[in-house]
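The primary structure of each chain is shown beneath.
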Amino acid sequence: SRMTRFMMTISDAVHLVLQAADTSRGGELFVLKMPSLVVRDLVEVFVDEYCERRGWEPGSVEIRETGIRAGEKMHEDLITPEECTRLEERHDMFVVRPLWQGNAQEVPVDTPDACHSDRCRKLERPEIRALLERSGIFEQLQVPLTSNEQTGS
């Protein structure tokens, strides 16, 4: 499937919170400009890493798609069309001004492509791997040995 999602590291989230705290005037919504990826690519990167740590061939692990769950979307949107009427775009984030500031545009504005996980550029597998490495998630990946591997059978 071609399901897409946005992704950020914990470090990215902390940086966003600190920037928001520093620049907030009250009531704004701060949205990080995040990279988008195809979920299948993310799964394949994890399978490759897991297999490498186990000494297995990457093709030896079957990936099964189970489909979309009830209420789940194929793609994510960071900002609604209504919020776009109050949108300020900055270098690494979007800021949605609160309604009570009374500065919304009268004319509807198109939501920027960067706000739609299916319309913005997707990370390639090497970029996904680099993002996961930077996040430290691979260091936490535990690879338990099966009983056959423990006994050498």
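Because the structure is predicted, anything quoted here is derived from the model rather than measured.

A. Region of interest: the pairing of strand 5 (residues 93-96). By the alternation rule, side chains of strand 5 split into M93 and V95 and F94 and V96, which are all buried. Looking at chain direction, strand 2 (residues 29-32) and strand 5 are connected through four bridges and run antiparallel. Residue pairing for strand 5: V31 is matched across the bridge by F94. Bridge count between strand 4 (residues 87-89) and strand 5: three bridges; the pairing is antiparallel. Across the sheet, residue E88 finds its bridge partner in strand 5, namely V95. If you look at the hairpin formed by strand 4 and strand 5, you'll find three residues sitting between the two strands.

B. Representation of the pattern of salt bridges. With the rule as written, the count across this model stands at 14 salt bridges. Two residues, D48 and R125, come together in a salt bridge whose shortest N-O distance is 2.3 Å. Of this pair, D48 sits in helix 2 (residues 39-54) while R125 sits in helix 4 (residues 125-135), and the two are 77 residues apart along the sequence. For D48, a relative accessible area of 22% translates into the label partly exposed.

C. Local environment of the side chain of E83. Mapped onto the fold, E83 is located in helix 3 (residues 81-84). Lacking a salt bridge, the buried E83 has R86 as its closest oppositely charged neighbour, with an N-O distance of 5.1 Å. One polar contact links the side chain of E83 to the main-chain amide nitrogen of T80, over a distance of 2.9 Å. Ignoring sequence-local partners within four residues, the contact set of E83 consists of L29, L78 and V96.

D. Structural detail: the packing of aromatic side chains. What the rule picks out here adds up to two aromatic pairs. Aromatic side chains F46 and F138 sit 5.8 Å apart centroid to centroid with 75° between the ring planes, which places their arrangement in the edge-to-face category. With F46 in helix 2 and F138 in the loop between helix 4 and helix 5 (147-151), the pair connects residues that are 92 residues apart, well separated along the chain. Aromatic pair Y50 and W56: ring centres 5.8 Å apart, planes at 75°, arrangement edge-to-face. Note on Y50: relative accessible area 25%, which makes it partly exposed. Judged by its relative accessible area of 32%, W56 falls in the partly exposed class. In this arrangement the basic side chain of K33 is found over the ring face of F94, its NZ or CZ atom lying 5.1 Å from the centre.

About the cut-offs
One numbering rule holds for all chains: residues counted from 1, following each sequence as written. Local features in this predicted model are restricted to residues whose pLDDT is 70 or higher, and side-chain atom pairs enter the listing and the counts only when it is 80 or higher, whereas totals over whole chains, interfaces and linings include all residues. Only heavy atoms go into the side-chain values, all of them from the structure, while hydrogens and water stay out. Relative accessibility under 20% of the residue-type maximum defines a buried residue, over 50% an exposed one, and the middle range a partly exposed one, all with a 1.4 Å probe and only protein chains included. Helix and strand assignments come from DSSP, with helices taken as H or I runs of at least 4 residues and strands as E runs of at least 2, each series counted from the N terminus. Strand pairing is assigned whenever DSSP detects at least two bridges linking the two strands. Should a side-chain nitrogen of Lys or Arg be within 4 Å of a carboxyl oxygen of Asp or Glu, the pair is scored as a salt bridge. Positive charges come from Lys and Arg alone, negative charges from Asp and Glu alone, with His and the N- and C-terminal ends not counted. Polar contacts, as used here, are pairs of N or O atoms within 3.5 Å; protein pairs need one atom able to donate a hydrogen and one able to accept it. Residues neighboring in sequence count only if both atoms are side-chain atoms. Residue contacts are defined here by distance: any two heavy atoms, one from each residue, within 4.5 Å place the two residues in contact. For this analysis, a ring pair means two rings from Phe, Tyr or Trp (six-membered ring only for Trp) whose centres lie within 6.5 Å, classed as stacked if their planes differ by under 30 degrees, edge-to-face if by over 60, and tilted for the remaining angles. The rule for a charge over a ring is simple: NZ of Lys or CZ of Arg within 6 Å of the ring centre, and within 35 degrees of the ring normal.

Purely geometric numbers; function is a separate question.
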